[in-house]
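Breakdown of the fold
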Amino acid sequence: MKRTPTDMPPVAATHVRENDPRWVRATLIAITVLFLGIFLALPLASIFTEALRKGIGVYLASFRQPDAYAAIRLTLLVSAIAVPLNVVFGLAAAWAIARFRFCGRNVLLTLIDLPFAVSPVISGLIYVLLFGLHGWLGPWLNEHDLQVIFAVPGIVLATLFVTFPFVARELIPLMEEQGSEEELAARVLGASGWQIFWRITLPNVRWGLLYGVILCNARAMGEFGAVSVVSGHIRGLTNTVPLHVEILYNEYNFVAAFAVASLLALLALVTLGLKTAVEWKVRRDRAESAASREGSTP
Amino acid sequence: MWHIGRTNSPLPGFRLTLGYSVLYLSLIVLLPLAALLAKASAASWSEFWRIALDPRAVASYRLTLGAALAGALINAVFGFVVAWTLVRYSFPGRRLLDAIVDLPFAMPTAISGIALTAIYARTGWIGQWLEPLGIPVAFTPLGITIALTFIGLPFVVRTLQPPLQELEVELEQAAASLGASRWQTFCRVLLPTLLPPLLTGFALAFARALGEYGSVVFISGNMPMKTEITSLLIIVKLEQYDYTGAAVIATVMLGASFAILLGINGLQWWFNQRHRAGA
Amino acid sequence: MSIEIRKISKTFGTFAALRNINLVVPDGQLTALLGPSGSGKTTLLRIIAGLETPDATDGAEIRFAQQNVAGIDVRDRRVGFVFQHYALFRQLNVFENIAFGLRVRPRQTRPPEAVIRGKVKDLLKLVQLEGLEGRYPAQLSGGQRQRVALARALAIEPKVLLLDEPFGALDARVRQDLRRWLRRLHDEIHVTSLFVTHDQEEALEVADRIVVMNQGQIEQEGSPDEVFHSPASAFVMNFLGNVNLFHGRVEEGKAVFGPLVMEAPAGPLSHGSPARLFVRPFDLDIQLQAGADGALAGRVTRLQSAGPVVKVDVTTAEGQPMHVELSHERARQLQLAVAQAIFVVPRTAHVFADDYAI
């Protein structure tokens, strides 16, 4: 799976071709606008409409409930743990995979793709079967009075599982494309491994890393299926924001549900904005690196 | 299992980074997966198949496969048009539309789920027009299909955009100079080049739809035998403390996902081979 | 500091990139590793730098001066390496690129900031890039990048300087200027240098010594004069410029190529074994009458006099095409015309039989 949508979507005006007949162009543009409008823009708009149905006062009141507050705090906590851990993993995996050839490399790559192919429900289930009361480690954990499932650690683990590919999948192709010559040059000049990493590798991949972090964070904060299986839905304790939305929705408290949902929708919009900005940066960096390899003045 | 032999790069850090990656993956992925397979294999062979082929499970497979397939097909058609338009034409709002294509990735699935339900419910923006026509959407397989279309769209568009951009102008001009009509050029020159990525995008969207949960549960209604998708069935079994049942169904789903993953890798390989041969 | 290489081999899978290489690169000289692509020259360079590991053969050694560096990590070898595509640090400006090797030294041996600044300034002056220290690699021309890469490599006061196709990525004009500049630079700093190239002109013009490589082996090493005028093998002869090739046989101790009879290569050659005659275009003369020493009869098929020499294409009576280069003066004397019948006489020729030179 070389290219999945987490790769950079490329948009460049240089590829625009206007040579199709006018009516074809008009029809296709109309279909595109209509299709994206109905399928993407409409749901987005409906969230805010539903949230504000009873006025801004009721909207704001939805956030003032302690449960909502607790859910937001838990979501922030989970992503504050999951994202850094996955950044470290992503950097380590990218260094091993993009800089070395070794037996089992493809197995590792496939393993990194795995969460993309597995249903989020299964991602949660596997932890229930490992740490739950009837799972492998459940009895032992119970004896020592440790709780993983239906508690914060389980939520963190499930989130780690569904989000760990994002950083690695962004960095591996980027580092492979950049090649290791600069790092070799640094080595020849006497740099240590950490010096190479901090002074050469990290600055070179910083935008790609940021891109991965943005996607990883969006998923960590928004994950529903996997977290839903392991959380136990204990109000005020193990409810993340998406789970809180679900509970409100199932209680027919639609305004509050959509109000809290609008927070996540805003997060999605910010994510898209940042993502677009970073893509632009990365593309420019790539163009520069391509130009510097050509060996002539740009 | 891992051959930690020195590779020929003089860069440092190989053992450290590979060791850390493998350890991390083992703890986060391999160990829990092993727990799943162990649980599933706790059931005897006949027990396994009894659970896996239970009518309620089979109904959920049929629904999930059917809706995922329908969603992926819709995306293949409209995703193609969207990718084509976004790459080849310039019009006001193009960049905005291009950015918004990723919305299904960025939006938490539960939020998409309740938003779609709100739109297609009997009183919703679209539902109120379809309901009088005798086309109920919410709480029907059609609703599930719509949710899976939503979730799969970016896969097709984003897989098609790069090859569409790489299409050489000369290719079309050459075809035109040889007397091909625009339609002939499209069918005989462009489509064959774009077919592999289109298939890949289709397969990716399909794979994603098979396992989708959050965006579907709200709009599906979750009636056993009618609108219960397989992911939900796993949760139902879990809530009944039927861990073995959940593990068995999950194993079946995992098997299907792996088959598709292999298929996608095969497609990519085929695509690359052709690409290389053509280059 | 001299470089000594003993019994170095390198295999990639089943492909033997280097086969039992023995070589001494003399102290303070500028040596070229010359060969076609795939001849193993870059692999050899990278092995010397420590970027590749040679096969573990008995007695395999790489020595800088007298010290065996085979077990020493690339980081500690103190070699200056100029990468083919320069590998400049794109996130650092010119100044920081050059200073890098000094800044990454352990605290005890790291020079103070003032010393680093002074040293970088000196290097900038040496490579004629004063005033550009604030630029980033993407803002430089190819030739400027090349010189930054060189300054960066020199900053660590390397024991030896290794350059991988240093002019390969440049266009023809810049390449000409830079190689003369490199020659002058080397005369100034005298650090033992080894550079890889596939361009024989470049090697002949710049290097003190040339090592010609082919298929993982050294074909010949010597001064530019030696390899050009006394090629040790047909390959070297062929690789270092255009040649005319004739096939013939050894007969009674003489090598016979139609009407031309030459001294056969030394050694026990059996009667009738095949021989090859190589003559460079400028070692051929054209005469209007057949001389005493044997000449090849032929016809002029094409004349090209625009250029430093007059190029004459000849087809011999046997139908073999030949290229002859005459001075303008000689061409004027002869008053040649296309289709004219003439005789071609070799002044200097190299005869190889079974690939052994005279």
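Above this text you will find the structure in question.
Every residue gets a number counted from 1 within its own chain, in the order that chain's sequence is written. Chain labels run from A onward and ligand labels from 1 onward, assigned in the order the entries are written. A pLDDT threshold of at least 70 governs which residues receive local features in this predicted model, and a stricter bar of 80 or more applies before side-chain atom pairs are shown or counted, although totals over entire chains, interfaces and linings include all residues. Processing note: side-chain calculations cover all non-hydrogen atoms of the structure and skip hydrogens and water entirely.

Overview of the overall build of chain B
Counted only if it meets this: Every helix listed is a DSSP run of H or I at least four residues long, and every strand listed is a run of E at least two residues long, numbered separately from the N terminus. To sort residues, take the accessible area from a 1.4 Å probe on protein chains only and compare it with the maximum for the residue type: under 20% means buried, over 50% means exposed, and anything in between is partly exposed. Whether two residues are in contact is decided by their heavy atoms: any pair within 4.5 Å suffices. In short, Shrake-Rupley with a 1.4 Å probe defines the accessible areas, and a residue's cover is counted only from the protein chains shown. Counted as positive: Lys and Arg. Counted as negative: Asp and Glu, with His and the chain ends omitted from the count. Lysine's charge is taken at NZ, arginine's at CZ, aspartate's at CG and glutamate's at CD.
Scanning chain B from terminus to terminus reveals 13 helices and 0 strands. Start at the N end of chain B and walk to the C end: the helices and strands fall as α-α-α-α-α-α-α-α-α-α-α-α-α. Its C-alpha atoms give chain B principal-axis dimensions of about 70 × 70 × 35 Å. Relative to its 279 residues, chain B shows a buried fraction of 58%. Counting contacts in chain B only where the partners sit at least 6 residues apart, residues at least 24 apart contribute 74% of the total. For chain B, the exposed surface amounts to about 11900 Å²; the carbon and sulfur share of it is 67%. Positive and negative charge centroids in chain B, built from 18 and 13 side chains respectively, lie 4 Å apart.

Description of helix H2 (residues 94–103) of chain C
Our working definition: What qualifies as a polar contact is a pair of N or O atoms within 3.5 Å, subject to a donor-acceptor requirement within protein and to the restriction that residues adjacent in sequence count only when both atoms come from side chains.
Burial runs high along H2(C): 9 of the 10 residues are buried. Listing the buried residues of H2(C) in full gives C:Val94, C:Phe95, C:Asn97, C:Ile98, C:Ala99, C:Phe100, C:Gly101, C:Leu102 and C:Arg103. Those residues of H2(C) hidden inside the fold are in contact with helix H9 (181–188) and helix H10 (193–222) of chain A together with helix H3 (113–126) and helix H4 (142–155) of chain C. N-cap assignment for H2(C): the residue whose side-chain oxygen lies 3.2 Å from the backbone N of C:Phe95 is C:Asn93.

A word on the sheet that holds strand E2 (residues 15–25) of chain C
Two modes of strand pairing occur in sheets, parallel and antiparallel, and in both the strands are linked by backbone hydrogen bonds. All names here are of chain C. As a reminder of what qualifies: Strand pairing requires that DSSP identify at least two bridges connecting the strands. Axis definition: a line fitted to C-alpha atoms, limited for helices to the stretch in contact. Angles are taken between N-to-C directions and run from 0 to 180 degrees.
With antiparallel pairing, the 4 strands of this open sheet are ordered in space as E2-E1-E4-E5. Only two strands of the sheet have a single neighbouring strand rather than two, namely E2 and strand E5 (67–68). Where strand E4 (residues 61–64) and E5 come together, 2 bridges link them in antiparallel fashion. Looking across to E5, one finds that Arg-63 is bridged to Asn-68. The strands that helix H1 (residues 41–49) touches are strand E1 (3–12), E2 and E4; relative to E1, the one it contacts most, it runs at about 120 degrees.

Topic: unusual backbone geometry
We note that A:Tyr252 has phi near 60 degrees; this positive angle belongs to a residue other than glycine. Here A:Tyr252 is to be found in the loop between helix H12 (241–250) and helix H13 (254–294). A relative accessible area of 65% places A:Tyr252 in the exposed class. The backbone of C:Arg78 shows a phi angle near 55 degrees, a positive value even though the residue is not glycine. Here C:Arg78 shows up in the loop between E5 and strand E6 (79–82). For C:Arg78, a relative accessible area of 36% translates into the label partly exposed.

Focus: H10(A)
For the record, the criterion: One less than the residue count of a helix, multiplied by 1.5 Å, gives the span that helix is expected to have. A residue's bend is simply the angle between two axes: one fitted to the seven residues ending at it, one to the seven starting at it.
With 30 residues, H10(A) extends just 36 Å between its outermost C-alpha atoms, more than 12% less than the 44 Å of an ideal straight helix rising 1.5 Å per residue. By the largest-angle criterion, A:Arg206 marks the main kink of H10(A), which is about 60 degrees.

Brief notes about the pairing of strand E18 (residues 321–326) of chain C
Residues and elements named next belong to chain C. Relative to E18, strand E17 (residues 310–316) runs antiparallel, the two being bridged by 6 bridges. The residue of E18 that forms the bridge with Val-312 is Val-324. What sits between E17 and E18 in their antiparallel hairpin is a turn of 4 residues, with Gly-319 showing a positive phi close to 95 degrees.

Description of the interface of chain A and chain B
Heads up, the condition is: Here's the idea: put two parts together, see how much 1.4 Å probe accessible area each one loses, and the total over both is what we call buried area. Salt bridge, as used here, is a side-chain nitrogen of Lys or Arg placed within 4 Å of a carboxyl oxygen of Asp or Glu. Classes in brief: Ala, Val, Leu, Ile, Met, Phe, Trp, Tyr, Cys and Pro nonpolar; Asp, Glu, Lys and Arg charged; the others, Gly included, polar.
Each partner contributes residues to the interface: chain A has 104 residues there, and chain B has 104 residues. Summed over both sides, the interface between chain A and chain B buries roughly 9500 Å², with carbon and sulfur atoms accounting for 77% of that surface. Our enumeration of links across chain A and chain B arrives at 1 salt bridge. The partner of A:Lys275 in a salt bridge is B:Asp102, and the shortest N-O contact between them spans 2.3 Å. At the boundary of chain A and chain B, one finds 9 residue pairs in polar contact (both at pLDDT 80 or more). Considered class by class, the residues forming the side of chain A that touches chain B number 72 nonpolar, 19 polar and 13 charged.

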